[in-house]
Amino acid sequence: MLRAVYPGSFDPVTFGHLDIITRSAKLVDELIVGVLVNNAKSPLFSVEERVKILEKTVENLPNVKVIPFEGLLVEFVRKMKAQMVVRGLRAITDFEYELQMAQTNHKLEPEVETIFLTTSLDYSYLSSSTVKEVAAFGGDISQFVPHIVIERMQEKMDKKGECKL
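Residues numbered from 1 in each chain as written. Predicted model: local features only at pLDDT ≥ 70, side-chain atom pairs only at ≥ 80, totals over all residues. Heavy atoms only, no water.

Asks: Is there a simple way to think about the overall build of the chain in this case?
Replies: The secondary structure content of the chain amounts to six helices and five strands. Counting from the amino terminus, helix and strand elements in the chain follow one another as β-α-β-α-β-α-β-α-β-α-α. In terms of C-alpha radius of gyration, the chain reaches 16 Å, essentially the compact-globule figure of 15 Å for 165 residues. Considering only C-alpha atoms, the chain reaches an extent of 50 × 30 × 30 Å along its principal axes. When each of the 165 residues of the chain is scored for burial, the buried share is 44%. Contacts in the chain between residues at least 24 apart in sequence constitute 76% of all its contacts with a sequence separation of at least 6. (Helix = DSSP H or I, 4+ residues; strand = E, 2+ residues; numbered from the N terminus. Rg over C-alpha atoms; globule rule 2.2 N^0.38 Å. Buried < 20%, exposed > 50% of the residue type's maximum accessible area, 1.4 Å probe, protein only. Contact = heavy atoms within 4.5 Å.)

Okay, here's the thing in structure tokens:
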């Protein structure tokens, strides 16, 4: 069984992420979307919220599981008994960072390969940070994220008294 891990913070998940998830799920028997717990950042959504949102958005993909993790990616990959890491690339600047990470991971765990998928042109400019910034100023993010993300972001902003979507 070929199992891959697609890691990320997914704060929030975008159509770009979903593009990579959908396309990579076709290449493997099982895809694990690893939701990173990163204590160095202060995310908009808790890891539990991000997992629930992702589970809802990938429910139509039977070979995709969503699992939170913290620590080294290669440790998580080992624990999941995966053979591959999937990473999405938007631009050449992504490649430099991702190549360095892939080489480091390969040094730590030679049996794990990293594959890169370029994002569809429709989403090559899109990032979670951009979505949060547009939303903070009341912009329409419906072309960037699933409806469930819009709902959850609106709830967060209502609680904080920030701009409405």
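Asks: Is there a simple way to think about the pairing of strand β5 (residues 113-118) in this case?
Replies: Successive side chains on a regular strand alternate, one facing one side of the sheet and the next facing the other. Bridge count for strand β4 (residues 84-89) against β5 is six bridges, and the pairing is parallel. Within the sheet, the bridge partner assigned to Met-84 lies in β5 and is Glu-113. (Pairing = 2+ DSSP bridges.)

Asks: Whenever I open this one, the pattern of salt bridges confuses me. Can you help?
Replies: Any two side chains of opposite charge can pair if their charged atoms end up close together. The final tally for this structure, using the stated rule, is 11 salt bridges. Across the pair Lys-156 and Glu-49 runs a salt bridge, and its minimum N-O distance is 3.0 Å. Here the residue Lys-156 occupies a position in helix α6 (residues 147-160), and Glu-49 occupies one in helix α2 (residues 47-57), the gap between them amounting to 107 residues. Looking at Glu-49, the relative accessible area reads 30%, which means it is partly exposed. For Arg-78, the salt bridge is made with Glu-75, and the minimal N-O distance between the two is 2.7 Å. Within this pair, Arg-78 and its partner Glu-75 are both found in helix α3 (residues 73-79), separated by three residues, close to a single helical turn. Each member of the salt-bridge network shares a partner with another, and the members are Arg-3, Glu-30 and Lys-65. (Salt bridge = Lys/Arg side-chain N within 4 Å of Asp/Glu carboxyl O.)

Asks: Just checking my understanding: could you explain the packing of aromatic side chains for this structure?
Replies: Any aromatic ring pair is given by two values, namely how distant the centres are and how the planes are angled relative to each other. What the rule picks out here adds up to five aromatic pairs. With a centroid separation of 6.3 Å and an interplanar angle of 45°, the aromatic rings of Phe-15 and Tyr-123 are classed as tilted. Taken together, the positions of Phe-15 in helix α1 (residues 15-25) and Tyr-123 in the loop between β5 and α5 (128-136) put the pair 108 residues apart, joining distant regions of the chain. Relative accessible area serves as the criterion here: at 22%, Tyr-123 is assigned to the partly exposed category. Centroid distance Phe-69 to Phe-76: 4.4 Å. Interplanar angle 15°. Geometry classified as stacked. (Phe/Tyr/Trp six-rings, centres within 6.5 Å; stacked < 30°, edge-to-face > 60°.)

Asks: Any chance you could explain the sheet that holds strand β1 (residues 3-8) here in plain terms?
Replies: Spatially, β3-β2-β1-β4-β5 is the arrangement adopted by the five strands of the open sheet, whose pairing is parallel. Each having just a single partner strand, β3 (64-69) and β5 make up the two edges of the open sheet. Geometrically, the sheet is characterised by an average inter-axis angle of 30° between neighbouring strands, direction not taken into account. Sheet topology note: the β1/β4 ladder contains two bridges and is parallel. Paired with Ala-4 across the two strands is Met-84, which belongs to β4. (Axes fitted to C-alpha atoms, helices over the stretch in contact; angles between N-to-C directions.)

Asks: What should I look at first to understand the pairing of β1 in this one?
Replies: Burial analysis of β1 places six of its six residues in the buried class, which makes it a mostly covered element. With burial as the criterion, each face of β1 is covered, one bearing Arg-3, Val-5 and Pro-7 and the other bearing Ala-4, Tyr-6 and Gly-8. Pairing geometry for β1 and strand β2 (residues 30-36), over six bridges, is parallel. Looking at the pairing, Ala-4 lines up with Leu-31 of β2.

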